[in-house]
Amino acid sequence: MAIEIIYSPLQIDQIAGDERTQIFLESDIIVPEEKRDIGRVLDIDAIISVKSQEVIQDRVMVEGTIRYSILYITEDDKSQIASMETDKSFTEYIEMPGMQPKMVARLAMGLEHVDFDIINTRKLNLRPVINVQVKVFDVAEIDIVDSFAEEGNIQILKETVALSHESDRGEAQTVIREGIELSDNMPTIVEILRQDIEISNIESNTSDNRVVVNGTMDIGFLYRCEDPDYPIHYYTETIDFAHVVDVVGAYQNMDCRCEVFVEDLYLAPKQDLNGDLRLVDIETLMTIEVVIVERQYKELLLDAYLPDRDLDIESKSITVEEPRGEKQFQIELDSRIELPENMPRCDNILYLVARPNITDERIYEDRVEIEGVISVNILYRSKEAEVRIVNFREYMPFSEKIPLDNINIHMDCESDVKIESTSSNIKNPNEIDLKIVLNVETKVVEKMDIDVIIGLEEKELPSGQRSGIYVYFAKPEDNLWSIAKRYNTTMEHIARSNTLSEDGDIEAGSRIIVYKRYDYEKETV
């Protein structure tokens, strides 16, 4: 009698590729006509925006823009700080052999640093180094063997596996307008030199056909003032935001992944009632992308056999990723910077910016270890220097051991680090004390290759395997199922014959006796 098979569809986003690499770009920047000539560059920052990504044959194409923010000392006035911003588009190809069109890519990009050369007072050559992590998913739907109409004496092996599938996406844009006022102890604005924004504390809540996204914007701006001792100041403000994204098919408590991108940030100083520039209008254009993820625990049929007949099994390998642990924590770093002898002495610190990067992360049996470096750029004022405003760059290494249970070296980890706060103190004109607090998040996942059955066919059992008494010595990788399948018998039969528990382990080297008869249904022990 032929086996009647029951099939069921399986939807899964399986990992096809995972790559960490760097992108090296190069651009020539011309100083706008309304800006003054460059004498010396103090600091270059950049914000990377990914506009599109597409998987093509053996590669992932990325298109985006880089917005540069450049602080510099003017050529005609060595005590004057100026700034300029400019955008540059880029198209890059990341080599990933085996990737195919219609697969889906997910990217994370971060600036490591920007090298530069001053070509002349009106032209810069910029060479940013960008860290990239790209994951490619094969969105698959396959029909798998789920069960049988009448199992009879079919021996089956099932396992419950966590599966995920991106069911739908949504996107929305929102403009947030706010107004802020400088605190009383801060001087009046003459010119805004640099503006920064950091999106954090993103939370999402799903309901019927929509997702509510909440978060905070940490907005900061560096401005020039008329104080001769402190010619530049930095001001920060935290603003909460919330927006609704329509996603058809979403329902309450459904898993969701969302990302928020700042497309544009506009700051305009305004006069207060006294006629001073102490008010700032803020306008932010944000794009919110939402992905609805269906997660389910499904019992999959991984193996099957018949004691009295042979089965020709057709299987397909799928790769799934299961979370094994995650942790959020802070790292506090204290460091004393000694200025080199050839550097002017420090009278007061004007501006400090820190950029962290993870350089290595490893998993051990009970912990994750991360290593990284923080690039610190300090702008300070010195009375003894011909150019009164000086910049000094320092690199601070950091490392941390994060204890996590139930992990091992064969798993993968993903960590992210952000600056929580920075503070500085002048110990003496030659030494500066720094304190930096980092927020770190690390996640550990396990990638597993699973063979699911997509078809099977009955065949006659070879005559040499129909009956007999066998003595088998267990190997390290053996279990009761593998031995029973090897001899086309049942786990129950071997367990009873050898006084074993069906749920128990089998020690390597154990002698297993297998009594096997061809007429399986009439077999007795």
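Residues numbered from 1 in each chain as written. Predicted model: local features only at pLDDT ≥ 70, side-chain atom pairs only at ≥ 80, totals over all residues. Heavy atoms only, no water.

### Quick look at the overall build of the chain
Each helix and strand in the chain was counted, giving two helices and 21 strands. Its C-alpha atoms give the chain a radius of gyration of 32 Å, more than 25% over the compact-globule value 24 Å for 525 residues. Taking the principal axes of its C-alpha atoms as reference, the chain extends roughly 100 × 50 × 40 Å. Going through the 525 residues of the chain one by one, you find that 45% of them count as buried. Nonlocal contacts in the chain, meaning residues at least 24 apart in sequence, comprise 77% of its contacts between residues at least 6 apart. (Helix = DSSP H or I, 4+ residues; strand = E, 2+ residues; numbered from the N terminus. Rg over C-alpha atoms; globule rule 2.2 N^0.38 Å. Buried < 20%, exposed > 50% of the residue type's maximum accessible area, 1.4 Å probe, protein only. Contact = heavy atoms within 4.5 Å.)

### Quick notes on the pattern of salt bridges
Tallying each qualifying case throughout the model produces 37 salt bridges. Of the charged contacts, one joins K123 and D28 as a salt bridge, the two residues approaching to 3.8 Å between their closest N and O atoms. Residue K123 is located in strand β7 (residues 123–148), and its partner D28 is located in strand β2 (residues 27–30); the two are separated by 95 residues in the primary sequence. Relative accessible area serves as the criterion here: at 25%, K123 is assigned to the partly exposed category. On the basis of relative accessibility, which here comes to 38%, the residue D28 falls in the partly exposed class. In this structure, the salt-bridge partner of R177 is E283, at a minimum N-O distance of 3.1 Å. Residue R177 is located in strand β8 (residues 155–181), and its partner E283 is located in strand β13 (residues 277–305); the two are separated by 106 residues in the primary sequence. On the accessibility criterion, R177 (57% relative accessible area) is exposed. (Salt bridge = Lys/Arg side-chain N within 4 Å of Asp/Glu carboxyl O.)

### Description of the confidence of the model for the chain
The pLDDT averaged across the chain works out to 88; a share of 96% of its residues lies at or above 70. In the model of the chain, strand β21 (residues 511–516) stands out as the element of lowest mean pLDDT, 86, in contrast to β2, which has the highest, 95. Segment residues 518–525: pLDDT under 50, and 15 contacts once partners within four positions in sequence are set aside and those in other chains are kept. (pLDDT = per-residue confidence, 0-100.)

### As for the sheet that holds strand β14 (residues 310–338)
The strand order across the open sheet built from three strands is β14-β19-β18, with neighbouring strands paired in antiparallel fashion. Single-partner strands in this sheet number two, and they are β14 and β18 (412–428). Pairwise comparison of adjacent strand axes, ignoring direction, gives a mean angle of 0 degrees for this sheet. Where β18 and strand β19 (residues 431–459) come together, 15 bridges link them in antiparallel fashion. Pairing of D412 across the sheet is with V445, part of β19. (Pairing = 2+ DSSP bridges. Axes fitted to C-alpha atoms, helices over the stretch in contact; angles between N-to-C directions.)

### So, unusual backbone geometry
Located in the positive-phi region is N406, a residue other than glycine, with phi close to 60 degrees. Within the secondary structure layout, N406 lies in the loop between β17 (389–403) and β18.

### Points about the sheet that holds strand β11 (residues 232–246)
Taken in spatial order, the three strands line up as β9-β10-β11 in an open sheet, and their pairing is antiparallel. Two strands lie at the open edges of the sheet, namely β9 (191–207) and β11, each paired on one side alone. Put simply, the sheet's adjacent strands are angled 15 degrees from each other on average, direction ignored. The pairing of β9 with strand β10 (residues 210–224) spans 14 bridges and is antiparallel. Bridge pairing in β10 places S200 opposite T216.

### A look at the packing of aromatic side chains
The full count for this structure, using the stated rule, is six aromatic pairs. When the ring of F221 is compared with that of Y223, the centres are 5.8 Å apart and the planes differ by 40 degrees; the resulting orientation is tilted. What makes Y223 buried here is its relative accessible area of 0%. Residues Y234 and Y351 carry aromatic rings whose centres are separated by 5.5 Å and whose planes lie at 45 degrees to one another, so their mutual orientation is tilted. A residue pair is termed long-range when its members are at least 10 positions apart, and Y234 in strand β11 and Y351 in strand β15 (residues 348–363) qualify at 117 residues. Residue classification places Y351 among the buried positions, given a relative accessible area of 5%. These aromatic residues form a ring-pair network of at least three members: F221, Y223 and Y235. Taking the ring centre of Y93 as reference, the NZ or CZ of R59 above it sits at 4.4 Å. (Phe/Tyr/Trp six-rings, centres within 6.5 Å; stacked < 30°, edge-to-face > 60°. Lys NZ or Arg CZ within 6 Å of the ring centre and 35° of its normal.)

### Re helix α2 (residues 491–498)
Among all positions of α2, only H493, I494, A495 and N498 are buried. At its buried positions, α2 is contacted by α1 (480–486) and β21. In the segment just after α2, T499 is the residue with positive phi, at about 55 degrees.

### Re the environment of S183
Counting through the fold element by element, S183 comes out in the loop between β8 and β9. Residue class for S183 comes out partly exposed when judged on its relative accessible area of 31%. Each C-alpha atom of the pair S183 and Y235 lies 9.1 Å from the other, and the pair is 52 residues apart in sequence. Apart from residues lying up to four places away in sequence, S183 is in contact with Y235 and R278. Within the structure, S183 has its side chain in polar contact with the side chain of N185 (distance 2.7 Å). (Polar contact = N/O pair within 3.5 Å; in protein donor to acceptor, adjacent residues only side chain to side chain.)

### Examining the side chain of T206
Tracing the backbone shows T206 in strand β9. Looking at T206, the relative accessible area reads 8%, which means it is buried. Among the polar contacts made by the side chain of T206, one reaches the main-chain carbonyl oxygen of Y251 at a distance of 2.9 Å. Among the polar contacts made by the side chain of T206, one reaches the main-chain amide nitrogen of M254 at a distance of 2.8 Å. When sequence neighbours within four positions are dropped, the list of residues in contact with T206 reads V211, Y251, Q252, N253, M254, C256 and I292.

### Focus: the side chain of T216
By the secondary structure assignment, T216 is in strand β10. In terms of polar contacts, T216 uses its side chain to reach the side chain of S200, at 2.9 Å. A polar contact is formed between the side chain of T216 and the side chain of N201, at a distance of 3.2 Å.

### So, the pairing of β2
Only one face of β2 is covered, namely the face carrying S27 and I29; the face carrying D28 and I30 is uncovered. When β2 meets β7, the two strands line up antiparallel, connected through four bridges. Along β7, the bridge assignment pairs I30 with K123.

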